[in-house]
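One-letter residues, chain by chain:
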Amino acid sequence: MKPTSDAELMQHADGERRDDALDPTGRAKVDAIHELGELVRGHVELGADAVPDARFDTMWRAIDDAIAPPARAPGLWHRVSRWFDHYRGHIITGAVSAGAVAALALVLRGPSDAGSPGSGGAALDVRPAAFRPTEIESLDTPGGTGTVFNLKDEDGSTTVIWVTPDDSVEGI
Amino acid sequence: MDDLELVQAARRGDRDAFRTLFERYHRRAYGLAHGVLRNQDDALDVVQEAFIKAHKYLDKFEGTSSFYTWLYRIVMNLAIDHLRKHRRVKPVELDEQQLEAAGGDADALLPRLLGGNPGRALLDKEIRERIDQALGELSDNHRAVLIMRELEGLSYEDMAQAMGCSKGTIMSRLFHARKNMQKRLADLVERAALPDEDDAVDEAARSRA
């Protein structure tokens with residue numbers, strides 16, 4: 001059978017039709033169809049080769065995420081680890097800052113603090129002054145007589161200064 | 001490992017096996033998608049979705065055809081769906097009657113193109129730009145059929161199934177796609193017909209011998 005139209009020649013070129021013989025013009029048209037096919041194929045393949053590998057790497061990561069089996073519910077340790085991973089930067093920054101402040105405080109404290117606890121010196125008495133017993137070194141009461149009592153009770157002790165004028169009669 | 005072994009391993013959950021399949025075929029699948037869609041981002045999206053779907057339905061792959069044959073059908077379906085969703089598909093331009101009319105035109109297809117050396121022609125940047133432009137000027141339907149045929153060598157019947165139309169419509173689209181491509185590249189024929197410097201040197205050497 002001999003093709004009679006270009007449409008039949010195209011079918012022949014595409015292997016959809018089997019023809020025994022082609023005339024020179026028909027042969028040339030079939031060759032031109034094949035050449036066009038090679039041009040289109042080559043052009044598309046060169047275009048595909050020009051896409052950077054990085055685009056396909058990104059694509060694979062997205063595919064891999066999509067096809068990964070669903071993850072089990074995370075355990076406590078996993079959650080703590082994830083929390084730490086998430087805030088690692090903040091934690092490290094905080095730790096470094098605290099260390100720096102401590103080091104600065106040690107440097108600035110100076111030698112007068114050498115007797116601090118643990119340094120081998122005498123311990124500081126840090127009790128509030130209100131708990132110290134009252135010590136009266138002198139009592140000047142012109143025109144009278146002064147008496148000091150130290151009354152002890154269950155809450156501690158109370159100091160009383162009693163002044164009696166000279167011209168008064170005791171008990172009145 | 002061949003494709004079937006990789007598919008079987010991937011079915012068992014071996015993601016590295018599936019990655020090997022991806023590495024083998026991603027550029028080819030991209031070429032197909034880009035040839036149809038002519039947009040890099042759209043083509044990459046389609047290829048990504050195609051591989052995800054392929055993995056999801058690996059159990060349905062029977063192995064009667066090659067893995068790539070199965071994959072490119074998924075790619076083509078997604079690419080054609082993409083064209084439909086974005087309303088880029090124009091109504092069918094030509095039907096079977098038009099094909100018959102064109103078939104009666106003895107000068108419809110050109111008897112020659114670029115001198116019979118496509119490999120050399122593709123080294124010419126201008127020719128590649130002209131091919132790209134000519135592909136871009138085809139309708140989406142015409143280009144899809146041309147790409148399916150030239151890249152994957154699909155039969156008319158397979159293309160008709162992929163595009164959901166008759167075999168005659170496929171023939172019509174393919175015929176006019178080729179005719180339009182030839183027409184748009186016709187002015188390159190004369191230039192290609194002229195011997196270039198290398199040919200002239202070779203010819204001179206042969207003459208001296």
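Predicted model only: the values in this text are computed from it and were never measured.

## What about the interface of chain B and chain A?
Okay, so step 1: The partner chain A presents 40 residues to the 50 residues of chain B that form the contact.
Okay, so step 2: Those elements that provide at least two residues to the side of chain B that touches chain A are α2 (15-37), α3 (40-56), α5 (96-103), α6 (118-121), α7 (125-137), α8 (140-152) and α10 (167-185) of chain B.
Okay, so step 3: Counting residues per element, the side of chain B that touches chain A draws most heavily on α2(B), at 10 residues.

## Thoughts on the pairing of strand β1 (residues 144-153) of chain A
Residue and element names in this part refer to chain A.
Okay, so step 1: With respect to burial, β1 is a largely exposed element, only zero of its 10 residues being buried.
Okay, so step 2: One ladder, built from 10 bridges, connects β1 with strand β2 (residues 156-165); its direction is antiparallel. Bridge pairing links Asn150 to Thr159 in β2.

## Some thoughts on the nonpolar core
Soluble globular proteins tend to bury their nonpolar side chains together.
Okay, so step 1: Counting residues in each nonpolar core, the largest one holds 66 residues, and the members touching the most others are Ala29(B), Ala33(B), Val47(B) and Val75(B).
Okay, so step 2: Counting residues per element, this core draws most heavily on α2(B), at 10 residues.
Okay, so step 3: In contact with Val47(B), other than residues within four places in its own chain, are Met59(A), His26(B), Ala29(B), Tyr30(B), Ala33(B) and Val75(B).

## Digging into the packing of α3(B) against helix α4 (residues 67-85) of chain B
Residues and elements named next belong to chain B.
Okay, so step 1: Closest axis-to-axis distance for the α3/α4 pair is 9 Å, and the angle between their directions is 130°. Judged by the angle between their axes, α3 and α4 are oblique. In this structure, the crossing between α3 and α4 has a hand that is right-handed. Residues Asp42, Val46, Val47, Glu49, Ala50, Lys53 and Ala54 of α3 touch α4, and the partners they reach there are Leu71, Ile74, Val75, Leu78, Ala79 and His82.

Rules used in this analysis
- Residues numbered from 1 in each chain as written.
- Chains lettered and ligands numbered in written order.
- Predicted model: local features only at pLDDT ≥ 70, side-chain atom pairs only at ≥ 80, totals over all residues.
- Contact = placed C-beta atoms within 7 Å.
- Helix = DSSP H or I, 4+ residues; strand = E, 2+ residues; numbered from the N terminus.
- Buried ≥ 20, exposed ≤ 12 C-beta atoms within 10 Å, placed from the backbone.
- Pairing = 2+ DSSP bridges.
- Core = buried A, V, L, I, M, F, W, Y, C linked by C-beta atoms within 7 Å.
- Axes fitted to C-alpha atoms, helices over the stretch in contact; angles between N-to-C directions.
- Parallel < 35°, antiparallel > 145°, perpendicular 65-115°, else oblique.
- Left-handed = near helix turned anticlockwise from the far one by under 90°.

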